[in-house]
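Here are the chains, one letter per residue:
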Amino acid sequence: MTTSYNPLHDPENDAHVLAPSLPQAIERARKVLDEKGRANIHDRDAMIRAAYGLHYVLAALLAALDEEENGQ
């Protein structure tokens, strides 16, 4: 399927997220959330970078939670 835009995440082309430890994932999520929360909402590029950064930190956090839940 072709689109007229580039999606934030393309599972066919993007690397698989490796699960960090849960404490590492939480620490990184807090850091990135704080950092991206200060981005200029009127700056298109800043918002794209924020969305990209938050997407990947959230994916890593969920991967860490899945690992924790599965006892791995």
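Every chain begins its residue count from 1, and numbering advances along the sequence as written. Only residues with pLDDT of at least 70 get local features here, since the model is predicted, and only at 80 or more are side-chain atom pairs given and counted; chain-wide, interface and lining totals rely on the full set of residues. Remark: hydrogens and water are excluded; side-chain values derive from all non-hydrogen atoms of the structure.

**Student:** Describe the overall build of the protein, with residues and values.
**Tutor:** Labels follow the DSSP assignment, with helices taken as runs of H or I lasting at least four residues and strands as runs of E lasting at least two, numbered in each case from the N terminus. Scanning the protein from N- to C-terminus turns up 2 helices and 0 strands. Evaluated residue by residue, the protein yields a buried proportion of 17% over its 72 residues. For this analysis, residues touch if any pair of their heavy atoms sits within 4.5 Å. A fraction of 68% describes how many contacts in the protein between residues 6 or more apart in sequence connect residues 24 or more apart. To measure how exposed things are, a 1.4 Å probe is used in the Shrake-Rupley method; for residues, cover is taken only from the protein chains shown. Carbon and sulfur atoms form 53% of the exposed surface of the protein, whose accessible area is close to 6100 Å². Partly exposed residues are those whose accessible area sits between 20% and 50% of the maximum for their type, while under 20% is buried and over 50% is exposed, using a 1.4 Å probe and protein chains only.

**Student:** Describe the nonpolar core, listing the residues and the values that go with them.
**Tutor:** What is meant by a nonpolar core is a set of buried Ala, Val, Leu, Ile, Met, Phe, Trp, Tyr and Cys residues, joined one to another through side-chain atoms within 4.5 Å. Counting residues in hydrophobic clusters, the biggest one holds 7 residues: L22, A25, A29, V32, V57, L61 and A64. Where this core is concerned, the elements lending two or more residues are helix 1 (22-37) and helix 2 (44-69). With 4 residues, helix 1 is the single largest residue contributor to this core. Filtering out sequence-adjacent residues up to four positions away, L61 remains in contact with L22, A25, I26 and A29.

**Student:** Talk me through the environment of A39; I want residue IDs and the actual numbers.
**Tutor:** Position of A39 among the secondary structure elements: in the loop between helix 1 and helix 2. As a C-alpha pair, A39 and A50 span 11 residues in sequence and 7.2 Å in three-dimensional space. Leaving out residues up to four positions away in the same chain, A39 has contacts with A46 and M47.

**Student:** Can you explain helix 1? Please cite residues and give values.
**Tutor:** One less than the number of residues in a helix, times 1.5 Å, gives the span that helix is expected to have. With 16 residues, helix 1 ought to run about 22 Å at 1.5 Å a step, and its terminal C-alpha atoms sit 22 Å apart, in line with that. For helix 1, the complete set of buried residues consists of L22, A25, A29 and V32. Looking straight down helix 1, one finds its buried side chains confined to an arc of 95 degrees; they lie on one side. In helix 1, the exposed positions angled more than 90 degrees off the buried face are occupied by P23, E27, R30 and K31. Structurally, helix 1 contributes buried residues whose contacts are with helix 2. It is the directions from the helix axis to the C-beta atoms that the arc portrays.

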